[in-house]
Amino acid sequence: MSETPELTVVVPAFNEEESIRPLYDRLTAAVDPVVEGLEIVFVDDGSHDGTWEMIAGLAKEDHRVRGIRFARNFGHQAALTAGVDTARGTALVIIDADLQDPPEVIPELVARWREGYEVVYAQRDEREGETWFKRATATLFYRLLRAITSVDIPVDTGDFRLMGPRVVEAFRALPERNRFIRGLVSWLGFTQTAVRYRRQPRLAGETKYPLKKMVRFAFDGITSFSFFPLRLATWTGFVVSGLAFVYIGVVILLKALGINWPGYTSIMASILFIGGVQLIMIGILGEYLGRIFDEVKRRPLYLVREATDGNTQVVPPSRPGT
Ligand code: UDP
Ligand code: MG
């Protein structure tokens, strides 16, 4: 394809063989009539089911479909990054493969972009078919994140969004490894607006974000956009030291008055308390330190095993400043 498509839709997929075809059908039906040229980029994030075969089949049928296959599972955010790196379209939409984000919302996103917004993110009004636990933790997390960061990260918003050409260019230049893309896009700025939608249940299979991945992702979000946990150590330190001074005063006073106050219980309590607080704070330091270590190693974000357009480049292009 020599012409620039107006829109590239990036779809990360990890073991989503049953969803690829229905997504393609609904996506083309909804978006084709409203854009001048469409490109769909599937990124297979190291699936071990038939996802790659589905993608390769679609790419043969329809030249507007391209697929990239990772060398292993590098994670959702890496898959999105690969899609953005390779997209040829002027604007770009990110959408999940599982049809939780309805493709029918995309024309609305495009309409707002044409009005002049550089970023149009889709905000979840309601979530259907997700567990009580997932909804509650997600609601809490987005609000906590907002409270402790200075970046204006919208609540209840995933990666389903449209990015205009300037935002795409700026995004491609971001060098970091630990990526919390929904936050990074907010950090970029430009003009951003929201479109509300209802999040659907998964079409097939189950979530590819088990609790462990979710917690890691949440920590990535917090550590990438806030020093609050680090400051917590300072504040706790001041409070505990203050209390200690008061207590020392009381003990000295009691001694002067000749009152002997046996202290086994209070010594145990304070040792355990201080010990616990210190370990938590060291753990928080460790979270930041581990991520710094990740950054300085400068490993590529992902490796490509194969691509449907015959591109044999294994290592992604290096980013400015890296
Ligand atoms: N995904 C991925 N790599 C992963 C985990 C997930 O590419 O390691 C994809 C997945 O196929 C889906 C999207 O990311 O298209 C969102 O994942 P999922 O639907 O499992 O997350 P949830 O909607 O449950 O938060
Ligand atoms: Mg999903």
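Note that the structure is a prediction, hence the values are computed from the model and not measured.

> For the overall build of the chain, give the residues involved together with the corresponding values.
Broken down by element type, the chain carries 10 helices and eight strands. Taking the principal axes of its C-alpha atoms as reference, the chain extends roughly 90 × 35 × 35 Å. Per-residue burial over the chain gives 46% buried out of 322 residues. Just so you have it, the chain exposes about 16,700 Å², and 62% of that area is on carbon and sulfur atoms. Across the chain, the centroid of the 38 positively charged side chains sits 8 Å from that of the 39 negatively charged ones.

> Outline the packing of aromatic side chains, supporting the account with residue identities and numerical values.
Counted under the stated rule, the structure contains nine aromatic pairs. Between F70 and F74, the ring centres sit 5.6 Å apart and the planes meet at 90 degrees, which makes this aromatic pair edge-to-face. An angle of 75 degrees between the planes, with centres 5.9 Å apart, marks the rings of F228 and W235 as edge-to-face. Taken together, the ring pairs connect F141, Y142, F180, Y209, F217 and F225 into an aromatic cluster. It is R72 that lies over the ring of F74; its NZ or CZ is 3.8 Å from the centre.

> So, the coordination of the magnesium ion (ligand 2): which residues are in play, and what are the values?
On the protein side, the magnesium ion (ligand 2) has D98 (OD) and Q100 (OE1) as donor atoms, found 1.9 Å from it. Note on accessibility: D98 and Q100 belong to one class, buried.

> So what about the site of ligand 1? Which residues, and what values?
Every one of the 19 residues lining ligand 1 counts as a neighbour, but E16, D45, D98, Q100 and K208 are closest to it. Within the backbone of P12, one N or O atom sits 2.8 Å away from an oxygen atom of ligand 1. For ligand 1, an oxygen atom lies 2.5 Å from a polar atom in the backbone of K208. Taken together, the residues of the shell around ligand 1 sort by class into five nonpolar, five polar and nine charged.

> Which residues make up the side chain of E118, and what values do they have?
With respect to the helices and strands, E118 occurs in the loop between α4 (106-115) and β5 (119-127). Within the local environment of E118, its side chain forms a polar contact with the side chain of R166, the two groups lying 3.0 Å apart. Polar contacts involving the side chain of E118 include one to the main-chain amide nitrogen of V167, which spans 3.3 Å. Aside from chain neighbours lying at most four places away, what touches E118 is L162, M163, G164, P165, R166, V167, F190 and T191.

Conventions we followed
- Residues numbered from 1 in each chain as written.
- Chains lettered and ligands numbered in written order.
- Predicted model: local features only at pLDDT ≥ 70, side-chain atom pairs only at ≥ 80, totals over all residues.
- Heavy atoms only, no water.
- Helix = DSSP H or I, 4+ residues; strand = E, 2+ residues; numbered from the N terminus.
- Buried < 20%, exposed > 50% of the residue type's maximum accessible area, 1.4 Å probe, protein only.
- Areas by Shrake-Rupley, 256 points an atom, 1.4 Å probe, with all protein chains shown as cover.
- Lys, Arg positive; Asp, Glu negative; His and termini not counted.
- Charge placed at Lys NZ, Arg CZ, Asp CG, Glu CD.
- Phe/Tyr/Trp six-rings, centres within 6.5 Å; stacked < 30°, edge-to-face > 60°.
- Lys NZ or Arg CZ within 6 Å of the ring centre and 35° of its normal.
- Donors = N, O, S within 2.8 Å, 3.2 Å for Na, K, Ca; no water.
- Near = heavy atom within 4 Å.
- Polar contact = N/O pair within 3.5 Å; in protein donor to acceptor, adjacent residues only side chain to side chain.
- Nonpolar A, V, L, I, M, F, W, Y, C, P; charged D, E, K, R; others polar.
- Contact = heavy atoms within 4.5 Å.

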